[in-house]
Amino acid sequence: MFDKHPFHPDAPAQGEAPPPHNIEAEQALLGAMLADNDAFTVVDGLVSPRDFFEPFHQRLFKTIGDEIRHGRLAEPSLLAQYFLIDPAFQQFGGLSYMLDLLDKAPPSNRADQYAKAVRSVALRRDVVRIAKDIAHRAQNDAQADGGQMMADLERDILAVRTGK
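First, a word on what this report is: a plain description of the structure on this page. Values in this document were obtained by computation on a predicted structure and should not be read as measured data. (Residues numbered from 1 in each chain as written. Predicted model: local features only at pLDDT ≥ 70, side-chain atom pairs only at ≥ 80, totals over all residues. Heavy atoms only, no water.)

1. Here's the deal with the packing of aromatic side chains
For the coordinates displayed, the defined rule picks out eight aromatic pairs. Each ring, one from Phe92 and one from Tyr97, has its centre 4.5 Å from the other, and the planes form 40°; the classification is tilted. On the basis of relative accessibility, which here comes to 0%, the residue Phe92 falls in the buried class. Connected via pairs of aromatic rings, a cluster forms that spans Phe56, Phe83, Phe89, Phe92 and Tyr97. (Phe/Tyr/Trp six-rings, centres within 6.5 Å; stacked < 30°, edge-to-face > 60°. Buried < 20%, exposed > 50% of the residue type's maximum accessible area, 1.4 Å probe, protein only.)

2. Some points on the pattern of salt bridges
Across all of its chains, the model carries 12 salt bridges by this definition. The salt bridge partner of Asp66 is Arg69, with a shortest N-O separation of 3.8 Å. Placement of both Asp66 and Arg69 in helix α3 (residues 55–69) is noted, with a separation of three residues, approximately one turn of the helix. Given a relative accessible area of 25%, Asp66 falls into the partly exposed group. Exposure remark for Arg69: the relative accessible area of 52% places this residue in the exposed category. (Salt bridge = Lys/Arg side-chain N within 4 Å of Asp/Glu carboxyl O. Helix = DSSP H or I, 4+ residues; strand = E, 2+ residues; numbered from the N terminus.)

Next up, the structure:
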């Protein structure tokens, strides 16, 4: 959808696969909400800011939601004021990036499908993170109790599943 994607702070080391992400779905969801603020009410609860891979998209989603919850219009020229000193906003192209999101937005009645795609990829990132953490502990902590590690794994998976 877009060519612009500045360096991501969680980019993998050279040779490593990047964490699961779908920038295009994030952009489509944000664009749909900018085109029709009512789309936010449909996706609120399906997806949260932390589900977005791109940190700027996290901040934009949160700001859109905050504006709509306060009964204000969330559209690019009004939202831009919140991001004037945000370096990522400038890297993406400033107001023109948000206008591109709006211009290339899919129909707002599909926002829930994009929200589900963003959430699904976020869950996959959580699975990767949990699996790496537990594997690292199992491999490197000779004092770790296997039963406790299993309990920790179950707790972490339950926390992800319930959104905590």
